[in-house]
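# Reading the structure
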Amino acid sequence: MTLQFSLASAAPETVDTPCVVVGVYENGVLTSAAARVDGAADGAIKRLVESGDVTGKAATSAVLFAPAGIAAKRVLVVGLGPQKCFDAARFQKISLEAARAIGRLPVDGAVSYLTEVDVPGQDAAWRVRAAALASDYAAYRYTATFKPREKNGQPELAAIAFAAGEEAWPGLDQAAAIAEGVRFARDLANLPPNLCNPAYIATQAQAFAEANARTRCRVLDHVEMETLGFGALLAVGRGSANKPKLVVLEYQGGAEGEKPYALVGKGITFDTGGISLKPGAGMEEMKFDMGGGAGMLGTFVAAVKLGLPLNLVCVVPAVENMPDGDSYRPSDVLTSLAGLTIEVLNTDAEGRLILADALTWTARTFQPQAMVDAATLTGACVVALGKHASGLMSRHDDLAAELLAAGEATLDRAWRLPLWDDYQVQLDSGFADVANIGGKSGGAITAGCFLSRFVEGARWAHLDIAGTAWDEGRKGLATGRPVPLLTQWLIDRAAAAAGNRE
Ligand code: BES
Ligand code: MN
Ligand code: ZN
């Protein structure tokens with residue numbers, strides 16, 4: 001369940017809530033809401049500043065319990081950092097830390113006035129959406145396979161109201177839909193691979209389609225894919241007892257016959273590397289190797305919840321990569337759905353193999369107006385960009401620009417890498433049309449180049465989310481990226497189409 005979001009219009013000193021949230025800049029400059037609370041509460045916040053208990057450093061916080069003169073039970077004073085270079089990224093970080101601080105308090109609700117601060121270049125709807133999304137992100141708990149330690153019967157945070165005028169309503173609506181999509185993606189990706197196998201992903205997609213209008217789901221099993229010629233995808237799945245599925249969701253929000261947007265997500269439910277076995281340390285993280293598929297399903301969920309006036313398809317090749325007596329092996333030559341032969345030089349470069357067939361099938365079946373794939377495709381992308389930016393590759397400058405802008409607007413950012421023909425020769429093979437690995441250098445790019453051979457001329461972009469799909473460490477959780485970026489992109493596409501019709 002996502003948090004409940006609403007707008008608040010009452011004055012901060014009179015609002016009736018278990019917790020009112022106000023901001024203080026570095027050097028003790030109070031926001032106007034903080035100043036009003038301070039005035040009503042006889043200088044209680046200024047005293048905290050004078051004593052040094054509140055520094056205003058970004059994302060720090062302090063709690064005032066039941067100060068006289070105001071209606072709220074508590075005041076959470078949140079540091080905003082230096083007023084001068086306050087920007088969108090800082091606003092998001094502060095919103096996240098504020099929600100974490102509220103979550104530690106024994107309250108079920110709060111009213112935040114942080115949405116009243118000025119964020120250069122952004123309006124109230126953006127501020128409310130960013131604050132709501134950050135709050136829901138912070139409130140997320142993984143509970144599918146164990147119960148996290150109880151808060152001793154204390155209430156759980158369930159609702160936050162954000163101070164803003166009516167013009168911020170669209171931001172609230174979008175936040176609710178995107179938050180639902182992000183949660184869908186995080187829940188699916190966090191599940192262990194013994195539960196979340198290809199068949200499970202298929203049932204989740206089917207359940208969503210059954211519960212939502214204008215939406216349908218088809219699942220191709222390995223027998224159908226065999227008949228159709230998915231030679232690359234099926235080779236990857238051969239070592240696993242969990243048979244591959246091609247999960248296909250369609251949403252008709254636009255006119256019948258209008259070309260859809262297509263989302264294709266890598267759905268490797270566990271990546272051992274296969275016969276080119278991965279080292280043991282950290283292998284458990286490869287349960288997140290279906291993060292692209294989860295992200296595309298989450299984006300589909302958000303788009304349907306928003307009722308976007310466009311047609312959309314979401315295709316997830318769901319496959320497990322295991323070593324076995326029947327596994328595919330290095331030096332095998334596969335025939336892909338596109339008809340190109342592929343020399344397997346490493347069975348751990350499996351994501352591009354399942355995507356090759358999925359991209360070809362999607363391009364041929366739907367002739368999409370644009371096709372985007374997301375995949376935890378290469379460790380090389382993590383080396384290049386770290387864990388903050390997804391790698392974006394496209395030959396289509398206009399499509400790349402749309403996606404980069406959507407990433408900026410949601411702070412779910414991507415950074416472009418080239419797909420120049422210069423790199424393609426690294427995939428030359430003496431035994432097939434193409435090799436599945438491109439050597440030591442430029443690994444994220446050569447993986448993108450490999451995919452480019454299978455898109456059948458579609459207007460296509462590739463997002464490598466190997467660094468961004470989950471947080472590091474033993475307790476690292478799925479992030480739900482790139483759901484915000486792609487949902488924003490679709491919102492923008494729908495708005496642009498409406499503008500063109502006028
Ligand atoms: N799923 C991995 C990529 C990955 C690695 C994502 C680490 C996140 C963290 C992918 O299937 C893979 O194994 N890629 C290989 C490709 C190589 C064999 C050319 C890699 O990146 O090492
Ligand atoms: Mn792999
Ligand atoms: Zn993989």
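Residues numbered from 1 in each chain as written. Chains lettered and ligands numbered in written order. Predicted model: local features only at pLDDT ≥ 70, side-chain atom pairs only at ≥ 80, totals over all residues. Heavy atoms only, no water.

### Brief notes about the coordination of the zinc ion (ligand 3)
At the metal site, the zinc ion (ligand 3) is ligated by Lys266 (NZ), Asp271 (OD), Asp289 (OD) and Glu350 (OE), and these contacts range over 2.0 to 2.4 Å. Viewed at the metal, the 6 donor atoms of the zinc ion (ligand 3) are separated by angles of 78 to 175°, and the geometry they form is octahedral. Read in sequence order, the donor residues coordinating the zinc ion (ligand 3) give the pattern K-x4-D-x17-D-x60-E. The metal-metal distance between the zinc ion (ligand 3) and the manganese ion (ligand 2) is 3.1 Å, with Asp271 coordinating both. Remark: Glu350 occurs in the loop between strand 13 (341–343) and helix 10 (351–366) and Lys266 occurs in the loop between strand 9 (261–265) and strand 10 (267–271); sequence separation between them is 84 residues. Here the two residues Lys266 and Glu350 agree in accessibility, since each one is buried. (Donors = N, O, S within 2.8 Å, 3.2 Å for Na, K, Ca; no water. Tetrahedral: all angles 85-135°; square planar, octahedral: opposite > 155°, others 65-115°. Helix = DSSP H or I, 4+ residues; strand = E, 2+ residues; numbered from the N terminus. Buried < 20%, exposed > 50% of the residue type's maximum accessible area, 1.4 Å probe, protein only.)

### Focus on the packing of helix 10 against helix 13 (residues 443–452)
Contact pair helix 10 / helix 13: the axes reach a minimum separation of 9 Å and the direction vectors enclose 30°. Relative to helix 13, helix 10 is oriented roughly parallel. Crossing of helix 10 over helix 13 shows right-handed handedness. Contacts between helix 10 and helix 13 involve Arg352, Leu353, Leu355, Ala356 and Leu359 on the former and, on the latter, Ala447, Phe450 and Leu451. (Axes fitted to C-alpha atoms, helices over the stretch in contact; angles between N-to-C directions. Parallel < 35°, antiparallel > 145°, perpendicular 65-115°, else oblique. Left-handed = near helix turned anticlockwise from the far one by under 90°. Contact = heavy atoms within 4.5 Å.)

### Let's talk about the packing of aromatic side chains
To describe a pair of aromatic rings, one takes the distance between the centres and the angle between the planes. Inspection of the entire model under this criterion finds 12 aromatic pairs. An angle of 75° between the planes, with centres 6.1 Å apart, marks the rings of Phe208 and Phe300 as edge-to-face. Here Phe208 is found in helix 6 (residues 198–211), whereas its partner Phe300 is found in helix 9 (residues 291–306), with 92 residues between them in sequence. Looking at Phe208, the relative accessible area reads 9%, which means it is buried. With 6.4 Å between their ring centres and 20° between their planes, Trp420 and Tyr423 make a pair best called stacked. Of the aromatic side chains, those joined through ring pairs into one cluster are Phe184, Phe208, Tyr251 and Phe300. One residue, Arg186, lies across the ring of Tyr137, its end atom 3.8 Å from the ring centre. Seen from the ring of Trp470, Lys387 lies directly overhead, with NZ or CZ sitting 5.4 Å from the centre. (Phe/Tyr/Trp six-rings, centres within 6.5 Å; stacked < 30°, edge-to-face > 60°. Lys NZ or Arg CZ within 6 Å of the ring centre and 35° of its normal.)

### With respect to the sheet that holds strand 13
Judged by pairing direction, the sheet is mixed, and its 3 strands sit side by side in the order 12-13-17 without closing on themselves. At either end of the open sheet lies a strand with only one pairing partner, and these are strand 12 (333–335) and strand 17 (434–435). Judged from the 3 bridges that link them, strand 12 and strand 13 form a sheet pairing that is antiparallel. The residue bridging Thr335 from the neighbouring strand is Thr341, located in strand 13. (Pairing = 2+ DSSP bridges.)

### Focus on the pairing of strand 14 (residues 370–375)
Two faces, one strand: in a regular strand the side chains alternate between the faces of the sheet. For strand 14, the buried fraction is high: 6 of the 6 residues fall into the buried class. Burial along strand 14 is two-sided: the residues Ala370, Val372 and Ala374 and Met371, Asp373 and Ala375 are all buried. With 5 bridges connecting them, strand 14 and strand 18 (residues 460–464) associate as parallel partners. Bridge pairing in strand 18 links Ala375 to Asp464.

### Focus: the coordination of the manganese ion (ligand 2)
Four donors placed tetrahedrally about a metal ideally form angles of 109.5 degrees, and six donors placed octahedrally ideally form angles of 90 or 180 degrees. In this structure, Asp271 (OD), Asp348 (O), Asp348 (OD) and Glu350 (OE) serve as the protein donors to the manganese ion (ligand 2), at separations of 2.1 to 2.2 Å. Coordination geometry of the manganese ion (ligand 2): the 6 donor atoms subtend angles of 71 to 168° at the metal centre, consistent with an arrangement described as irregular. Counting gaps between the donor residues of the manganese ion (ligand 2) yields the pattern D-x76-D-x1-E.

### Some words on the pattern of salt bridges
Using the criterion set out here, one finds 20 salt bridges in the structure. The partner of Arg493 in a salt bridge is Glu402, and the shortest N-O contact between them spans 3.5 Å. Remark: Glu402 occurs in helix 12 (residues 397–410) and Arg493 occurs in helix 14 (residues 483–501); sequence separation between them is 91 residues. Here Arg493 matches Glu402 in class, with each residue buried. Counted as one network, the salt bridges with shared partners bring together Asp398, Glu402, Arg459 and Arg493. (Salt bridge = Lys/Arg side-chain N within 4 Å of Asp/Glu carboxyl O.)

### What about the nonpolar core?
Judged by nonpolar contacts, the single largest core of 97 residues is most densely connected at Leu297, Leu312, Leu403, Leu463 and Trp489. With 9 residues, helix 5 (residues 169–190) is the single largest residue contributor to this core. Among the domains, domain 1 (4–164) and domain 2 (175–501) are the pair contributing at least three residues each to this core. Sequence-distant contacts of Leu312, that is, excluding residues within four places in its chain, are made with Leu249, Glu250, Tyr251, Pro260, Tyr261, Leu263, Phe300, Ala303 and Leu490. (Core = buried A, V, L, I, M, F, W, Y, C linked by side-chain atoms within 4.5 Å. Domains from an automatic or database assignment.)

### Concerning helix 13
Counting buried positions along helix 13 yields 10 of 10 residues, so the element is predominantly enclosed. Those residues of helix 13 not exposed but buried are Gly443, Ala444, Ile445, Thr446, Ala447, Gly448, Cys449, Phe450, Leu451 and Ser452.

### Thoughts on unusual backbone geometry
Leaving glycine out, the prevailing phi sign among residues is negative, and the prevailing peptide bond configuration is trans. Each neighbour pair has its own omega, and for Arg481 with Pro482 the value is 5°, a cis peptide bond. Mapping Pro482 onto the fold places it in the loop between strand 18 and helix 14. Within the chain, Ser331 stands out as a residue other than glycine whose phi angle is a positive 90°. The topology assignment puts Ser331 in the loop between strand 11 (311–321) and strand 12. Of the residues examined, Ser331 reaches a relative accessible area of 51% and is grouped as exposed. The backbone of Leu411 sits at a positive phi, close to 60°, despite the residue not being glycine. Positionally, Leu411 belongs in the loop between helix 12 and strand 16 (414–416). Overall, Leu411 belongs to the buried group, its relative accessible area being 14%.

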